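Below, each chain spelled out in residue letters.
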Amino acid sequence: MLLVMFTLLASVAVVVTRGIAGAAEPAAIPAATPDATPAATPIGTRDATPVATPAVTPTLAPISITATRSSIPIADPSAAVTEVGESEIRRSASRTLDDLLRRIPGFSLFRRLGSGAAHPTTQGVSLRGIGPSGTSRALVLVDGVPLNDPFGGWVHWDSIPNEMVERVEVLRGSGASLWGNYAMGGVINVITRPADHDGGSFLAEGGERGSGRTEGWMSHRFGATSVLAGGRWLRSGDYPLVRKDSRGPIDVAGGSDNGVGELHVEHQVSPDVRLRVMARGYHDLRDNGTPYTHNETKNGFFRTGLDIDTHSTGKVSADVFSTVQSFSSTFSAVDQTRSSELPASNQFDVPSTSAGGSVVWSNRLGPWLGMRDHHLVAGIDSLWVDGKSKELARFMDGAFTRRRAGGTSQGMGGVFVEDLIEVTEKLDVTAALRFDYWQSYDGFRREDALDTSTSLVDRKLGDQTETLVSPRLGLSYLVMEGLALRSAIYRGFRAPTINEQVRPFRVRNDVTEANESLDAEKLFGVEGGFDHQLGPWRSSATLFWNEVDGPIFNVTIGDGGGVVDPCGFVPAGGVCRQRRNLGSTHILGAEAETSIDFGHGLVASLAYLWSDGKVHSAPDDHSLVGNHLPQVPKHQGTIALDYDRKGPWRASLQVRIVGEQFDDDENTRVLGRFAAVDAFVARRIGYGFEVFAAAENLFDETIESGRTADGVVSIAAPRIISGGVRYEFGAESDAGGSGIVK
């Protein structure tokens, strides 16, 4: 912590001293940024026009919508933002966005599993090692609208076709001052293709273990109206989910099969007014590694919005959206020889409905209050969620003997304001403040004995309310040509989900119980860092410290082999856990990215995260104090080599290295380190066609993803080699087959 504070204070001291001195203005850092490089840029170069330099290929302008929540192209220079561009997405071996984003330091999914094989309820994302869980501690957006599941906070990563993604912005460090709930650890904003020209693309791919996908999109303009339709079918491939030495006769291959379709319509009502409508449908089926265990998700999403550019008084964006979802999942109890299983629970109906909206105003005010420039953003947003969990449990003598149900409603809303201030030619200040109100109400828990038709539990859950304040103060100073210092201090929060409040679950023989009395997690963080460019070499680094008050953990209550309160019956070899607020956790860490453009289309890059997160206080179980956060490796990083000369060939090679981590709160179960290699190569063959080959986990590294109390080790995906063809057409594609040119 002292090191972080020293770095922060040193950065502030340099900023203030240089600002007062008012030295001559150096040239700004060029706005051109290679794919997956830091996007922090001084305010003086925030316009969305790329500035080319001989040594760096311009790809993306520093728009940074994630960090500013503004429709005006502008970047927050105090924020640590990485942009992943279309060309990098196109030359990645990854078939889903979550696998692609593992290239970014600090991007972590629960249990090391990708969305291809992971249970949907474990697909939570976190940044900077803040503590992965099934519920996300980072907010994921698609075109500025939350993608996090409204019932459980996890993310359906495979509901986003890669072909429809234009770029991804990743803000590390709390974005709650603008975005509110879930943004405690950062924000990931997926920006999809605009329907602004006639064109499209189609991809077909097949590979090992029955894996495959088809996806594509097509857009067309009808005068003032634009229409874009797209979709995807994806099969992950079937492979064992348990390591060979833990496997028994009951273990079978697992995998997923899902499809998504969406429609975008935009209409230019007038030069100043644009209307947007979007609808998406998603269906997912999964086999979870034994004959009895599987799950299904059906999801429908609708959004409509309006953009108004008032010129003199700024821009206004308004959105209304809604989600209707159904989910079901089965769980089993497996004997210790893994030769047979019995049903443990059947969550046959987990419905949820949500509705929300937002209004955001932004304007560039120019000189005001003695400052050179102001960019002001203000807005209001809200979300309502209703969810239930219905299940059959206690399988005895060939039948379920209990019916359980639980549910609650949540409402939350916030108001926010942010001012990006150009104080001097080199000093920028970002000041933001947000107020949120969260309420959980009309909750219930019921349990009935099916054999006797008697009520065992029938109680109303207590209502909960919290008011939360999320400020942020950021500073950025352009020291010299190509070197900018930045620092920030902030607060953030995450409210408990309905899933955490009312829905229990199992992993193998380990049982985790819900907790309706959970409070919101609160984060306080400070960070300091720099962004640097010297010719073809770009780099950035950030030192950060976070304190999370009341983090929600799956806390071990007791060992299995009988009835354990509050879990009920827990098989031998399993444990009982319950979701609980701990006292606090502390996370000290550093992240760094660097890349060098060798010319001729060849770029090498390196990204690294060191994160040392520990339990600082735990009033309910003092033995946890000092333990490392589960599911957080201390070291992780990627090494990548990319080739794309805008000619017929393009390729990439990536090595992802992850250190050891603990799988449990007691730090008794260790998941080993690994290094996985991904490779991709493509050849344009003319007339808009391209053929490609890809390999995920090329050398078939065994990646441990989970370890139960009785020693059963789960694993992530093995090697999957695939190949396919892509076809592109339209106004922005080259008739000679060079593909879409940005």
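Residues numbered from 1 in each chain as written. Predicted model: local features only at pLDDT ≥ 70, side-chain atom pairs only at ≥ 80, totals over all residues. Heavy atoms only, no water.

## What about the pattern of salt bridges?
If charged atoms from side chains of opposite charge come close, those side chains can pair.
Okay, so step 1: This structure, assessed with the given rule, holds 59 salt bridges.
Okay, so step 2: With a shortest N-O distance of 3.1 Å, E266 and R274 are connected by a salt bridge.
Okay, so step 3: By relative accessible area, which is 27% here, R274 ends up partly exposed.
Okay, so step 4: The partner of D373 in a salt bridge is R364, and the shortest N-O contact between them spans 3.2 Å.
Okay, so step 5: Judged by its relative accessible area of 30%, R364 falls in the partly exposed class.
Okay, so step 6: Where salt bridges share partners, they join E86, R90, E163, R193, R650, E690, R726 and E728 into one cluster. (Salt bridge = Lys/Arg side-chain N within 4 Å of Asp/Glu carboxyl O. Buried < 20%, exposed > 50% of the residue type's maximum accessible area, 1.4 Å probe, protein only.)

## Examining the pairing of strand 27 (residues 521–534)
Looking along a regular strand, one sees side chains alternate from face to face of the sheet.
Okay, so step 1: Judged by how many residues are buried, strand 27 sits mostly within the fold: eleven of 14 residues are covered.
Okay, so step 2: Pairing of strand 27 with strand 28 (residues 537–549), which is carried by 13 bridges, proceeds in the antiparallel orientation. Looking at the pairing, K522 lines up with D549 of strand 28.
Okay, so step 3: Connecting the antiparallel pair strand 27 and strand 28 is a turn made up of two residues, with G535 showing a positive phi of about 60°. (Helix = DSSP H or I, 4+ residues; strand = E, 2+ residues; numbered from the N terminus. Pairing = 2+ DSSP bridges.)

## Overview of the environment of Q325
Okay, so step 1: Turning to its location among the elements, Q325 is positioned in strand 16 (residues 315–334).
Okay, so step 2: For the pair formed by Q325 and H283, sequence separation is 42 residues and the distance between their alpha carbons is 9.9 Å.
Okay, so step 3: Sequence-distant contacts of Q325, defined by excluding residues within four places in its chain, comprise D149, H156, T297, K298, N299, V350, P351 and S352. (Contact = heavy atoms within 4.5 Å.)

## Regarding the nonpolar core
Okay, so step 1: Counting residues in hydrophobic clusters, the biggest one holds 22 residues, and the most contacted among them are L97, L101, F107, V125, W157, V168 and I188.
Okay, so step 2: Only helix 4 (97–101), strand 5 (139–142), strand 7 (165–172) and strand 8 (186–192) provide two or more residues apiece to this core.
Okay, so step 3: Filtering out sequence-adjacent residues up to four positions away, V125 remains in contact with F107, S108, L109, S136, R137, A138, V140, V155, W157 and I188.
Okay, so step 4: Residues F553, L582, L609 and L629 belong to the second largest nonpolar core, which totals 17 residues. (Core = buried A, V, L, I, M, F, W, Y, C linked by side-chain atoms within 4.5 Å.)

## So, the packing of aromatic side chains
Okay, so step 1: With the rule as written, the count across this model stands at eight aromatic pairs.
Okay, so step 2: On the basis of an interplanar angle of 75° and a centroid distance of 5.2 Å, the ring pair of F395 and F400 is categorised as edge-to-face.
Okay, so step 3: Residue classification places F395 among the partly exposed residues on the basis of a relative accessible area of 26%.
Okay, so step 4: Residue classification places F400 among the buried residues on the basis of a relative accessible area of 17%.
Okay, so step 5: Here Y727 and F729 contribute two aromatic rings whose centre-to-centre distance is 5.7 Å and whose plane-to-plane angle is 25°, an arrangement assigned as stacked.
Okay, so step 6: Taken together, the ring pairs connect F689, Y727 and F729 into an aromatic cluster.
Okay, so step 7: Sitting over the face of the ring of F444, R446 holds its NZ or CZ atom 4.3 Å from the ring centroid. (Phe/Tyr/Trp six-rings, centres within 6.5 Å; stacked < 30°, edge-to-face > 60°. Lys NZ or Arg CZ within 6 Å of the ring centre and 35° of its normal.)

## Quick word on the sheet that holds strand 29 (residues 552–559)
Okay, so step 1: The strand order across the open sheet built from four strands is 25-26-32-29, with neighbouring strands paired in mixed fashion. Looking at the sheet topology across the chains shown, the edges are occupied by strand 25 (505–507) and strand 29. The mean inter-strand angle of the sheet, taken between neighbouring strand axes irrespective of direction, is 30°.
Okay, so step 2: Strand direction decides the pairing type here: strand 25 and strand 26 (residues 510–513), joined by three bridges, are antiparallel. Looking at the pairing, R506 lines up with V511 of strand 26. (Axes fitted to C-alpha atoms, helices over the stretch in contact; angles between N-to-C directions.)

## Points about the environment of R486
Okay, so step 1: With respect to the helices and strands, R486 occurs in strand 24 (residues 483–494).
Okay, so step 2: When its relative accessible area of 3% is taken as the criterion, R486 is described as buried.
Okay, so step 3: Residues R486 and D428, 58 residues apart in the sequence, show an inter-C-alpha distance of 9.2 Å.
Okay, so step 4: One polar contact links R486 to D531, side chain to side chain, over a distance of 2.9 Å. (Polar contact = N/O pair within 3.5 Å; in protein donor to acceptor, adjacent residues only side chain to side chain.)

## Observations regarding the confidence of the model for the protein
Okay, so step 1: In this model, the protein carries a mean pLDDT of 86, and residues with pLDDT of at least 70 account for 89%.
Okay, so step 2: When mean pLDDT is compared element by element in the protein, strand 40 (residues 689–696) scores highest at 97, while strand 45 (residues 739–740) scores lowest at 28.
Okay, so step 3: When the criterion is pLDDT under 50, residues 1–62 qualifies, and its contacts beyond four places in sequence or with other chains add up to 155 contacts.
Okay, so step 4: Low confidence marks residues 733–742, where pLDDT is under 50. Its contacts with residues over four positions away, or in another chain, come to 27 contacts. (pLDDT = per-residue confidence, 0-100.)

## A word on a nonpolar patch on the surface
Okay, so step 1: Together, V359, I380, V415, V417, L433, F435 and V469 line one region of the surface with nonpolar side chains, adding up to about 530 Å² of accessible area.
Okay, so step 2: With respect to the secondary-structure elements, I380 resides in strand 19 (residues 373–396).
Okay, so step 3: Judged by its relative accessible area of 48%, I380 falls in the partly exposed class. (Patch = residues over 30% accessible without salt bridge, like charges linked within 9 Å, V, L, I, M, F, W, Y side chains within 5 Å. Areas by Shrake-Rupley, 256 points an atom, 1.4 Å probe, with all protein chains shown as cover.)

## Focus on the pairing of strand 34 (residues 602–617)
Okay, so step 1: Direction of pairing for strand 33 (residues 584–599) relative to strand 34: antiparallel, over a ladder of 15 bridges. Looking at the pairing, S584 lines up with S617 of strand 34.
Okay, so step 2: The loop that links strand 33 with its antiparallel partner strand 34 comprises two residues; one of these, H600, has a positive phi angle of about 60°.
Okay, so step 3: Across nine bridges, the pairing between strand 34 and strand 35 (residues 635–644) is antiparallel. For S605, the partnering residue across the bridge sits in strand 35 and is A640.

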